Amino acid sequence: MHRHTSLTPVPPAHRNAAVALGNFDGVHLGHQSVIALARAAAAERDAPLGIVTFEPHPRSFFAPDAPAFRLMGAEARASRLEKLGVDELFELPFDDTLASLTAEAFVTSVLVDALGISHVVVGADFRFGKGRMGDVESLARMGAELGFGVTVAPLVSDASGDFSSTAIRQALSDGRPEDAARMLGHLHRIEGPVEHGFKRGREMGFPTINLSLKGLHPPKFGVYATLVDVLEGPHKGRYQGAASVGSRPTFGENLANLEVYLLDFDGDLYDRAVSVALVAYQRPELKFDDMDALMTQMHLDVEETRAHLTDTP
């Protein structure tokens, strides 16, 4: 996959792509339906399959002090899109310049002049341009005038409602990772390098790996059964893990993070890239009166995790 991160006109070899356009936070089943239509358009034209998205997320640009909301960072999104067979990832820098473009200017200067797209697919609720003045009807009109095709993908839903990043965030906030996975089409993952922590778990016989939640929508605080993919190094592979999401109130006030005890594992993973998938929510975060009570509960948590993951591949 070729990853483009500027508004500089792309070379001829990377132009003419049929693209899916949007934020793609989470790359959920609704997003995947948009990408599938772009894939079909690419096949019809013998063209590359592309994604046009934004970094940072426009919501972060317009409200930088708002609570963290992203389901995945840029690297995790790129990894997921590559697994879906995307050839060209156009990751447009969302800044004052891009935010100030009218809908018409965005289409002409970005989609046509800079990227040279041949076809674009968007969701039915897609809006774009300064003041969100552009919609699917205006995009189709401009496509007809400027020589690129436009397909509008219907929203994906089930009996519970539309599949959306907002609905997935709510499921995670409620401690319903299974519902989030149903809408995502895959388990929700938190990815990043293993950071150094206080090593309290090691002292208690439960050595853990620590991941930052910075910039990400935090799942409900508590204990989860997880699957952990170590993405590099001598311990590369998949492991089962009992994870805690929260601020560790037994030890005072702490910045919220993700802490995972890998079952039946012995090794050093510091600074290695890992991906932690939330399988099941087990219990809320608790404050314990002493270390003995905490260790007793941790043993119970691990056994419950093993039970949850018995039949999980």
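Heads up: the structure comes first, above all this text.
Residues numbered from 1 in each chain as written. Predicted model: local features only at pLDDT ≥ 70, side-chain atom pairs only at ≥ 80, totals over all residues. Heavy atoms only, no water.

Some remarks on unusual backbone geometry
Glycine aside, residues mostly have negative phi angles, and peptide bonds mostly take the trans form.
Now for step 1: Across the junction of E55 and P56, the peptide omega takes the value 0°, indicating a cis bond.
Now for step 2: The phi dihedral of V27 falls on the positive side, at around 50°, and the residue is not glycine.
Now for step 3: Its place among the elements puts V27 in the loop between β2 (18-21) and α1 (29-45).
Now for step 4: Positive phi outside glycine occurs at R132, with the angle close to 55°.
Now for step 5: One can find R132 in the loop between β5 (119-123) and α6 (136-146). (Helix = DSSP H or I, 4+ residues; strand = E, 2+ residues; numbered from the N terminus.)

A word on the sheet that holds strand β9 (residues 189-193)
Now for step 1: Reading across the sheet, the six strands line up as β9-β14-β11-β12-β13-β10 and stay open at both edges, with antiparallel pairing between neighbours. The outermost strands of the open sheet, each flanked by one partner alone, are β9 and β10 (209-212). Looking at each pair of strands side by side, their axes are set apart by 35° on average, direction ignored.
Now for step 2: Of the strand pairs in this sheet, strand β11 (residues 222-230) and strand β14 (residues 273-284) are connected by nine bridges, and their pairing is antiparallel. (Pairing = 2+ DSSP bridges. Axes fitted to C-alpha atoms, helices over the stretch in contact; angles between N-to-C directions.)

Describing the sheet that holds strand β6 (residues 149-153)
Now for step 1: What the six strands build is an open sheet, ordered β1-β4-β3-β2-β5-β6; its pairing is parallel. Strands at the two margins of the open sheet, each flanked by one partner only, are β1 (2-4) and β6. Neighbour-to-neighbour, the strand axes of this sheet turn through a mean angle of 20°, independent of strand direction.
Now for step 2: Pairing of β2 with β5, which is carried by three bridges, proceeds in the parallel orientation. Its bridge partner being in β5, A20 is matched across the sheet by V121.
Now for step 3: Running over the sheet, helix α3 (residues 74-83) touches β1, β3 (49-55) and β4 (88-93) and is turned about 170° from β3. (Contact = heavy atoms within 4.5 Å.)

Quick notes on the nonpolar core
Within soluble globular proteins, side chains that are nonpolar tend to cluster in buried spots.
Now for step 1: Counting 29 residues, the largest nonpolar core has I209, L211, L258, V260, L262 and V274 as the members making the most contacts within it.
Now for step 2: Broken down by element, this core gets its largest block of residues, four residues, from β14.
Now for step 3: When sequence neighbours within four positions are dropped, the list of residues in contact with L258 reads I190, I209, N210, L211, L213, A243, S244, V245 and V276.
Now for step 4: Within the second largest apolar cluster, 28 residues are counted, among which are V110, V122, F126 and F148. (Core = buried A, V, L, I, M, F, W, Y, C linked by side-chain atoms within 4.5 Å. Buried < 20%, exposed > 50% of the residue type's maximum accessible area, 1.4 Å probe, protein only.)

Focus: the packing of helix α5 (residues 103-114) against α6
Now for step 1: At their nearest, the axes of α5 and α6 sit 11 Å apart, and the two run at 50° to each other. Judged on the interaxial angle alone, α6 and α5 are oblique. The handedness of the crossing between α5 and α6 is right-handed. On α6, the residues touching A103, E104, V107, T108, L111 and V112 of α5 are L139, M142 and L146.
Now for step 2: Class assignment for the residues of the contact of α5 with α6 results in seven nonpolar, one polar and one charged. (Parallel < 35°, antiparallel > 145°, perpendicular 65-115°, else oblique. Left-handed = near helix turned anticlockwise from the far one by under 90°. Nonpolar A, V, L, I, M, F, W, Y, C, P; charged D, E, K, R; others polar.)

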